[in-house]
Structure formats: structure tokens, C-alpha cells
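Residue-level structural notes
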Amino acid sequence: MSSNAEPLRGVDANGSLLTAVGLAIHSRIGGDQRTIVTNLDLSLNEAETVGIVGESGSGKSMTARALVGLLPTGLSARGEVRLDGSNLLEMSQRALSRIRGSEIALVLQDPFTMLNPVTRCGDQVADGLVDARGRRLGRRTRREEAARRLAEVGIPETVDRYPFELSGGMRQRVAIAAALAGDPRVLIADEPSTALDVTTQGEILALLKSLQTSRSMALLLITHDLRVAFSTCDRIYVLYAGSLLEVGDASAVEAEPLHPYTLGLLLSEPPADRRLTELVAIPGSVPAADDVATICPLAPRCQWAQPKCEVTNPPLKPVGAERLSACLRIDEIRAEMRSLRHHAERPAVVHHPAEASVPLVSVDNLQKTFADASTRRGSAPVIALGGVSLTVGVTESVGLVGESGSGKTTLARCLVGLETPTAGAITIDGVDASNYGSLSADHLRQLRRTVQIVFQDPYSSLNPLRTVGSALKEVLELHRKRSRNLEGGVAELLEQVGLPASFSRRKPVALSGGERQRVAIARALAVKPRLIICDEPVSALDVSVQAQILGLFRTLRDELGVGYLFITHDLAVVRQVVERVYVLYRGEVVESGPVDAVLDHPQHAYTVRLVESVPRSASQQRPMR
Amino acid sequence: MTSLVVGPRAQVGRRLLRSSPLTVTVSFVFVGLLIFLALFGPLLAPHGPESLNLATGLTTPNGEFWFGTDDLGRDVFSRTIYGVRYALFGPVLIVVGAFVIGNVLGLAAGYRGGLLDASIMRWVDLMYAVPGLLVTIVLIGVLGASYLLAVVVLVVLTSPFDTRIIRGVTLEQRSLPYVEAARTLGLPVRAILFRHIFPNILPISFANAFLNFAFSLVALSALSFLGLGIGPGTADWGRMLSESRLLLFDNPVAALAPGGMIVLTATSMNLIGDWLYDRLADRGRAR
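For clarity, every value in this text was computed on a predicted model and none was experimentally measured. (Residues numbered from 1 in each chain as written. Chains lettered and ligands numbered in written order. Predicted model: local features only at pLDDT ≥ 70, side-chain atom pairs only at ≥ 80, totals over all residues. Heavy atoms only, no water.)

1. Description of the overall build of chain A
To be explicit about the condition: Only runs of H or I of at least four residues qualify as helices and only runs of E of at least two qualify as strands under DSSP, and these elements are numbered from the N terminus. Between the two quantities, the radius of gyration covers C-alpha atoms and the globule rule is 2.2 Å times the number of residues to the power 0.38. Between buried and exposed lies partly exposed: a residue is buried under 20% and exposed over 50% of the maximum accessible area for its type, with that area taken using a 1.4 Å probe on protein chains only. Any two residues whose heavy atoms approach within 4.5 Å at even a single point are treated as in contact. Each accessible area value is a Shrake-Rupley result obtained with a 1.4 Å probe; residue values ignore everything except the protein chains displayed when judging cover. Counting rule for charge: Lys and Arg are taken as positive, Asp and Glu as negative, and neither His nor the chain ends is counted. A charged residue contributes its charge at one atom only: NZ of Lys, CZ of Arg, CG of Asp or CD of Glu.
For chain A, the helix and strand inventory stands at 21 helices and 22 strands. By the compact-globule yardstick of 25 Å for 625 residues, chain A fits well, its C-alpha radius of gyration being 26 Å. Taken over 625 residues, chain A has a buried fraction of 53%. Taking the intrachain contacts of chain A between residues at least 6 apart in sequence as the baseline, contacts between residues at least 24 apart amount to 68%. As displayed, chain A offers around 26800 Å² of accessible surface, 50% of which is attributable to carbon and sulfur atoms. Between the mean site of the 70 positive side-chain charges and the mean site of the 71 negative ones, chain A shows a separation of 4 Å.

Quick look at the structure:
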């Protein structure tokens, strides 16, 4: 940034390479115009890494696309996006396509759909390359160049391979190499690590950071994860419901957020290195930009909101050196915010319930193999579980940690009878649950009342055509035949998960993701289970909502004494909820024990890798006490 | 970037209508007109369908006989109106029959899987392999021409197509978490199938019914044309077409009117079915 003394090409007076002034994005569907982003100012300097942090619906991805003129049909941008003094928003598609790739390049989230499946990786990278005179490279030089580029991202051996032969992380590397093929000065990366496994995420971020440094290009990183932004970026823009709420240096923002939203986001993301006494969540969910156009966007969810916050949409104003905040009351509430954070970050002690003599669930040497239907008959079957043993005590919360493909979901499905294990034994509450198909009706009912499951995707886990009330009533009718007051039962369930009774008349389409997940939990609670299997229950939710749901899990446990088998890839999440943890790797348990012991002193090489992949900024590496 | 759009059902309905192209709107109006004619046609028709005017004989369109008359002096216009009933009645029976059979078999095959699925699907494969109209002609030739027999044979021929489609969408719904949750909660299979899965696939089988209607109308008319459906002299479009094909040079309208109606009705149903399919296929899918 400022260390670059010599003036660089295309840098304006302020030293900015790419600037956006008053950027506004609108969508038009039929006659309805909706605001996606309003009045966004942004600058990106040479050799700088800037992060745009926001939850889904904040407009961050559309901002990234607007900067390169790749907005989807129906969306339009106004304002200015300046590169080399010219406004990109006014350029023709032809002129833009010359700039894309050579000046600005884009890396997208999903590595599985981003690459052309029928083109070799080398060609994906080198296709657009031209020599000094603007001619297409010859076959041989092209291949050499492609190999060189792929070596830069650490995978030179993939030149002649097709995308489907590669893992997600490798595909993302190919995509990055392809984006960098035209030697752009600006690289925009839209959630480049979100779709990847935890251990791969860290590698991709480190790769981006090192490429940014070695090429001294500017990197604009779009992410929903403050921890990722803190660990990678120099400066951070916090975007919420289409408006910027805070801008500042990453380290300064991390040390002291100057907007209640940033603070809330920071506190919503639980740390992986300790358990918090209380999870602070921002109540409610992200509003649409138009609903908060004339007020402070956070006002409906902010504990410090006052009538004056609901008069205008406050603009960013400087707070101290190099910091901007859109909070009107920031000077008054700074001290309160500081003490809230101090209070919230106290570590809690994990209580271990007395070890019961007979566990509620015991799994012994469970195996599950799938005959792979996609390959030829007679080929080796896929081993999802290769002999897993674990126990869950009464009222105990146990974590099951692993990446995709580790078999954790298969295990969960075996436990509730959605899959039948190939070998091994499952005993639940004294009943042999290895084969649900052969159980008597009584035993089956007993199992259903003992173990329930909550799925990952809140959007498809409720029947879209049925109201919340009828979904809950149906279960109550089945399992509590004697109770006559079904309406009361529904209201009680909704109250347990923190929803008003009036929600029983709503259909899932009228609920947000967090609300749907609450309904799914209420449905599981309707049979009064003793154990709820939670299969990644918060990973599809926004960060601020995630903390609410984790808090709900804790409350339910204290009030109802229900235990959990908590399946997740997120160490921070598992730290907040469970007492014991099993680490699953390629269908086998590689490590288990109390959560503190396993995460603080991992023994197995894989666990060590998992723990190290949690994004950490410099200040987080030392424990803050 | 997913922004959750919360909209009441009325809004969805309005959007559906607003986005319907002109051809679909016209098709809806036309089908509405047909239903009206089927109900009140006899009150509107100027002449009886079978009333002979041997004195008039064959005429071209004029003030009294708008579409002219056929060789027996029967009013083509009135016969075309009376024909609406046959044109709707048979296909509706076929559509309803195929709908019931297709949904029951499709749901069972898709949800249960295993041997049941294999047997049902092999039956479907067999029916796909059979040259439908040819078999119908042979069957009716052996058993004797009858409208009802034609309808039954067409139900048997159409239902495999429905079964295959319903099985496909059932498979898709079956693996969705809301169905798995229902299974885990211990709901009976009947409740899962009819309370949860069926309402979610209904739009697709409904749209499919329109496509079936068009197919059945054309097939029934073809059988009538060949003299394998409804009895001679009846005011059925296929029959009228066959009986007036020799009069093409004397009163072309006698053949064009029923022929045109068959084309227009089948096209309208196809357009509506296609449009419904496009509109509704994504509904109920995970967002």
C-alpha cells in the first residue's frame, strides 16, 4: 500500500486503483424494483487486500459482479466504478470484455460448476493467452504456459486432466490460475473457500494471499466470515442490507468494532479455542434493503437503537483515524460495546454429566458400504463407514466432527433408520436398532420417541405446502394420542423454540432460514425425544442467525434435558455445544475425548490439521484474557 | 446470494397470469368456450344433430346453414357444436383414468422401490415398446367397435407415460429432508404419500393431464375416423371428418369444421399443458 513509493500506472491521486462512488444496484422483476445495494463507496489500492464482509442478502456478491459488469439479467448498476479514470459502468460490453481478465478477474464460489467439464485444465487456464503481438499462442507454448501457471497455484500435474478428476480444492486452484492468466491487476474473489472442506479452505486463502503478495496485485475478497476477513485482509468493508456500516483496517476493526452490527457479527461467530458462557446473537434476521431504506438498517435489531436512528439512513462518517462508521450513536455507546464484548468473551467451564453406566446409544463397529451405482458393476464398493464405535450417554451432548466424505452423515442416517448398516451393531435405549426393517411396531415406536433428527437444509426440511401448525399437529396426533389439546401443544412447542404461537398459521415460504430451522427443531421435540441428532444444523444459516440457533440448542438442553449428537465440520460450533467429541476421518474414528482436550491438544495428525485450519488473525493466536 | 422473497399466495397467482403469453390466454378462452358449448350447446344449436333435410340436400354455407350441410342435409354447424360433448367426454375419461392409475403406480414405485418398482417399471417399458394405435386397431377389430372399448384401451396405453413421470418426481421428493423427517417421526406410509408427497407432485401430474388430453382427443378422433370408435352417423368430429371427406369439393366446410376443431382443441390443451409444466415444475423443489 503506502510503502509503494513510485507511482504506478492507472493509480489516481489518492492512490486507488479501483474505486466505486455512489454505486447502487437495483433489480427489476416485472414491475417491482428492488434495491440490492445503495450508495456504496469503495476504493481498492495497488497491492492491497480488501474484504467485503456481509451475510446473505447484504448485496456483497452483486457488488463484486457489478464491479466487473457481470450482473445477472434484470439487475442494473448506477454510480461510478473507475479504473484507469474510465467509468466501467458506462463501457460497452466489448470494451468491458477486454478489461475483464487482463485488468480485473473474478473467482467464484462454486468450483464444481465454474470450470467447463469437457475442457482439460491446461486449456481452461491458457485458452485466452496471447503473445506480445496479440496473437493466440501456439499449441506447444500454450501448454508450457499453462503448466507454468498451474505450477504457480501448486498443481502443475493437472495440465492434461479434466475438472471431474480433481477435488474441490484443486478445481478452485485451477479457477484461480485461469483468473490470473491475463495477469490482472485486480482479483475479485467471491467466497472462494466457502464451498470447500475446512482444511482446504485455509490452503486456498493462503494461496490467494501469497499470490496477491508475489504479484503485488489488488485482491478484493468477498466473504461472510469475519474470521476469514481478519486473517486475510488489510482493510474491511462491512455491508448489511445493501448499506455499508463500517470501514476500517482489519486489525483495528478486530480490536474494536465501531458499529453494533460488526460487534454483533464478531460475537455471533463463536471462537474455536474456548467455550463461551453465553452466545450473543443479533435477534431477528437480515431485512431487505428496501424495508430499511430510510432508517439505520440495523435499527430494528439493535439494542442501542433510539428514535433518532429511525429518521434517516445514516451515512458513513469518520470516527478517529482511518475509521468510518455509520452508527449515529457510536460515541455514546462505545464504552458499552466494549464492556459487552469483554463480558461475552469470558470462557465457560464445560460440565461433564456423571458417566451413566448404560449409555443411551451405543454403536459398535458399525460398517456401511455403498455399491457405487455410477461406476461399472463389479467395481469396488464405496466404504462410507469402516467400523465406527461410539457411545452417547443419557442427556449427554456428543460432537461428531469431520469433513465431507468422512461418513458422519451416513452414521446419522443409520442411527434413525434411513440407511441400513452393512455390519455392526446399534443399540438405542436397550433396543437393537441395527435393522429398522425387522423391528416390531412397539420397538419402532420406542425408537422414534427416543431419537430424532434435525437436518442441515432448513429450506427443504419442511413440506412447502403445509402450515407450521399442521406439520406439528400431525406429529402430536401420532405420538400423544391421549392429549386432546393439540392447539395448546403446538403453541407450547413453538414457544419452546422461541417463536410466537401465531406462526402456526404460516407456511414455510413465509419464514426465514433461522425460523424454519426452529420449526424443524420444534417438530423433532414434539415426540419428546431424549436425543436429537443434529446434522450440520447451523451451517446453512447466516452467522448472526447461527448464534441464535446454537443458543436455542443450549437452552433446550438445560430446560428439557435433551441430549445431542452434534454433527458438524465447524470446530467453533462443536466447542460451544458438546462435552465430548469424536473426530471422524474417512469412515473411521481417529480421535475422541472431552472437547477441550481434543481441540486444545490434538493427538492425531488429522485432528491437528483440522484445528490448524481455523482462520486466525495475528492477535487471536495469543489467547486474550 | 439468496434473498428470501416473502410473498403471499395471491401475488404468486397474479404473477402467473401476468406472465402468461397471449397464445396461452387465447387457449384458456377457447377451452372455456368448449366447456360452455358442451353444457349449453343443444340450446344454441339451430338444428338437431341428426335431423335430415333431404329436400335441401348438400349446400355450401349460407344464412340458414352457417357451415352448410352434408350429403344428407344435416346442419354441419349444429353437428360441430354437438360434437364438443364427445370431444370432451372421452378424453376426460381417459385423462382421469390415466391420472389415477399413473399416480398410484408412480407413487408406489417411486416410494417403495425394490421389486415393486422393478415390476411396475418393466410393465411401463413393455407398454412403451408396444405400437399403441396398431394394437388398438387389432383389439377393436377382434372385439368389435365400441366407444367405451376405445376409451379403456387408451387409458391402458396412456397410463404408463404418467406412471413414469410420477415415479421420477416421487423419487426426487422422497430424498428431500421433509420426507425423511416424516419417516423418522414415524408417520405411516399412507400419510407420507398422500399428505406430503402427493400434494407436492400434484402440479406436475396436473400439467401432464392436459398433455394427455390432447393426445387422447387425437387418438379417439383417429379411431372414429377409421370407424373403430363411435357408431356411424354420430356427431363426433372424427366421424364427421371421415364421412365428409368425399364432399371436399362440394362443401369443404363440412370437413374443415370438425378437422379444425380437433386441431384447435388439441393445440390449446398442449399449449396450456406445456405452460403449466414450465410454471409448476420448479414448485416444491428445494430453494
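2. Notes on helix 17 (residues 543–560) of chain A
Residues and elements named next belong to chain A. Rules: The span expected for a helix works out to 1.5 Å for each residue beyond the first.
Across its 18 residues, helix 17 extends 26 Å between first and last C-alpha, which sits within 8% of the 26 Å expected from 1.5 Å per residue. Where burial is concerned, most of helix 17 is hidden: 14 out of the 18 residues are buried. Residue glycine 561 follows helix 17 closely and has a positive phi angle near 70°.

3. Examining the interface of chain B and chain A
Note the threshold: Joining two parts hides part of their accessible area as seen by a 1.4 Å probe, and the buried area is that hidden amount summed over both. Should a side-chain nitrogen of Lys or Arg be within 4 Å of a carboxyl oxygen of Asp or Glu, the pair is scored as a salt bridge. Pairing of N or O atoms within 3.5 Å defines a polar contact, subject to two protein rules: one partner must be a possible hydrogen donor and the other a possible acceptor, and residues neighboring in sequence count only if both atoms are side-chain atoms.
Contact residues are listed per partner, giving 26 residues for chain B and 37 residues for chain A. Taken together, the two surfaces of chain B and chain A that pack against each other cover about 2700 Å², and 59% of this comes from carbon and sulfur. If you look at where chain B meets chain A, you find two salt bridges. The partner of Arg413(A) in a salt bridge is Glu180(B), and the shortest N-O contact between them spans 2.6 Å. The tally of links between chain B and chain A comes to nine residue pairs in polar contact (both at pLDDT 80 or more). Within the residue set of the side of chain B that touches chain A, elements represented by two or more residues are helix 1 (9–18), helix 7 (177–184) and helix 8 (189–225) of chain B.

4. A word on the packing of aromatic side chains
As a reminder of what qualifies: Only rings of Phe, Tyr and Trp enter the pairing, Trp through its six-membered ring, and a pair is recorded when the two centres are within 6.5 Å. The plane angle decides the type: under 30 degrees is stacked, over 60 is edge-to-face, the rest tilted. Whether a charge sits over a ring depends on NZ of Lys or CZ of Arg being within 6 Å of the ring centre and within 35 degrees of the ring normal.
Inspection of the entire model under this criterion finds 11 aromatic pairs over all chains. Between Phe553(A) and Phe566(A), the ring centres sit 5.4 Å apart and the planes meet at 85°, which makes this aromatic pair edge-to-face. Remark: Phe566(A) occurs in strand 20 (residues 563–568) and Phe553(A) occurs in helix 17; sequence separation between them is 13 residues. Of the aromatic side chains, those joined through ring pairs into one cluster are Phe553(A), Tyr564(A) and Phe566(A). Positioned over the ring face of Phe503(A) is Arg506(A), at 4.1 Å from the centre of the ring. Sitting over the ring of Tyr111(B), Arg174(B) keeps its end group 5.3 Å from the ring centre.

5. Topic: the side chain of Gln201(A)
Residues and elements named next belong to chain A. Topologically, glutamine 201 is positioned in helix 7 (residues 198–215). With a relative accessible area of 18%, glutamine 201 lands in the buried category. Beyond its immediate stretch of four places on either side in the chain, glutamine 201 contacts Ser193, Thr194 and Leu196.

6. Side note on the domain arrangement of chain A
It is common to report an interface's size as the accessible area lost on association of the parts. Residue and element names in this part refer to chain A. Defined as follows: These domain limits were set by an automatic method or by a database of domain assignments.
If you check the domain split of chain A, you get domain 1 (16–103 + 184–344) and domain 2 (359–373 + 380–460 + 529–613). Its C-alpha centre places domain 1 at a distance of 35 Å from the equivalent point of domain 2. Taken residue by residue, the interface counts 29 residues in domain 1 and 25 residues in domain 2. The contact between domain 1 and domain 2 buries some 2100 Å² in all, and 51% of this surface belongs to carbon and sulfur atoms. Where domain 1 meets domain 2, there are zero salt bridges. At the junction of domain 1 and domain 2, the tally comes to 12 residue pairs in polar contact (both at pLDDT 80 or more). Contributing elements (two or more residues each) for the side of domain 1 that touches domain 2: helix 7 and helix 10 (260–268). Top contributing element to the side of domain 1 that touches domain 2 by residue count: helix 7, with three residues.

7. Examining the sheet that holds strand 7 (residues 186–190) of chain A
Residue and element names in this part refer to chain A. The condition is simple: DSSP-based pairing: two strands are paired if at least 2 bridges between them are found. A fitted line through C-alpha atoms serves as each axis, taken over the contacting stretch for helices, and the angle formed by two N-to-C directions is quoted from 0 to 180°.
Ordered in space as 6-7-8-3-9-10-12-11, the eight strands form an open sheet in which the pairing is mixed. The open sheet terminates on both sides in strands that have one partner only, identified here as strand 6 (104–107) and strand 11 (317–318). Of the pairings in the sheet, the one linking strand 10 (residues 243–249) to strand 12 (residues 324–325) comprises two bridges and is antiparallel in character. Its bridge partner being in strand 12, valine 247 is matched across the sheet by leucine 324. Lying over the sheet, helix 7 contacts strand 3 (49–53), strand 7 and strand 8 (218–223), oriented at roughly 155° with respect to strand 8.

8. Some details on the nonpolar core
Residue and element names in this part refer to chain A. Going by this rule: Nonpolar cores were defined as sets of buried Ala, Val, Leu, Ile, Met, Phe, Trp, Tyr and Cys residues, with membership established by side-chain atoms within 4.5 Å.
Ranked by size, the top nonpolar core spans 70 residues in total, and within it Ile176 and Leu187 carry the most contacts. With seven residues, the top contributor of residues to this core is helix 6 (residues 168–180). In this structure leucine 187 touches Ala105, Leu106, Val107, Ala179, Leu180, Leu208, Met217, Ala218, Leu219 and Leu220, once residues within four positions along its chain are discounted. Residues Leu462, Val545, Val574 and Val578 belong to the second largest nonpolar core, which totals 55 residues.

9. As for the packing of helix 4 (residues 114–129) of chain B against helix 6 (residues 147–174) of chain B
In a pair of packed helices, the angle between the axes and the distance between the axes together describe the arrangement. Residues and elements named next belong to chain B. Worth spelling out the cut-off: Each angle receives one of four descriptions, namely roughly parallel if under 35 degrees, roughly antiparallel if over 145, roughly perpendicular if within 65 to 115, and oblique otherwise. The hand of a helix crossing depends on one turn: near helix anticlockwise from the far one by less than a right angle means left-handed, and clockwise means right-handed. Any residue outside Ala, Val, Leu, Ile, Met, Phe, Trp, Tyr, Cys, Pro, Asp, Glu, Lys and Arg is labelled polar, Gly included; the first ten of those are nonpolar and the last four are charged.
Two elements in contact, helix 4 and helix 6, have axes whose closest approach is 9 Å; the angle formed by their N-to-C orientations is 130°. The angle between helix 4 and helix 6 falls in the class oblique. The chirality of how helix 4 crosses helix 6 is left-handed. Residues Asp117, Ile120, Met121, Trp123, Val124, Asp125, Met127 and Tyr128 of helix 4 form the contact with helix 6, whose participating residues are Val156, Leu157, Ser159, Pro160, Phe161, Thr163, Arg164 and Arg167. Of the residues contributing to the contact of helix 4 with helix 6, the split by class is 10 nonpolar, two polar and four charged.

10. Comments concerning the confidence of the model for chain B
So the rule is basically this: pLDDT measures how confident the predictor is about each residue, on a scale from 0 to 100.
The predicted model of chain B averages 81 in pLDDT, with 90% of residues at 70 or higher. On the interface metric, ipTM, the complex scores 0.76, and its pTM is 0.79.

11. Focus: the sheet that holds strand 13 (residues 361–370) of chain A
All names here are of chain A. Taken in spatial order, the four strands line up as 14-13-16-17 in an open sheet, and their pairing is antiparallel. Sheet topology places strand 14 (382–392) and strand 17 (431–432) at the edges, where each strand pairs with a single neighbour. Bridge count for strand 13 against strand 16 (residues 423–428) is five bridges, and the pairing is antiparallel. Bridge pairing in strand 16 places aspartate 364 opposite alanine 425. Its contacts with the sheet put helix 12 (residues 408–415) on strand 13, strand 14 and strand 16, and the angle it makes with strand 13 is roughly 115°.

12. Some thoughts on a nonpolar patch on the surface
Quick note on the threshold: Residues form patches when they are more than 30% accessible in relative terms and have no salt bridge. Like charges link within 9 Å. Nonpolar side chains (Val, Leu, Ile, Met, Phe, Trp, Tyr) link within 5 Å.
A cluster of nonpolar residues, Leu33(B), Ile35(B), Phe36(B), Leu39(B), Phe40(B), Leu43(B) and Leu44(B), forms a patch on the protein surface that exposes about 710 Å² of accessible area. Classification of Leu43(B) as exposed rests on a relative accessible area of 71%.

13. Focus: the pattern of salt bridges
Residues and elements named next belong to chain A. In the structure shown here, the tally under the stated rule is 38 salt bridges over all chains. As a salt-bridge pair, glutamate 246 and arginine 323 come within 2.6 Å of each other at their nearest N and O atoms. Of this pair, glutamate 246 sits in strand 10 while arginine 323 sits in the loop between strand 11 and strand 12, and the two are 77 residues apart along the sequence. When sorted by exposure, glutamate 246 lands in the same class as arginine 323, which is buried. Sharing partners across several salt bridges, the network here consists of Glu145, Arg148, Arg149, Glu152, Asp183 and Arg215.

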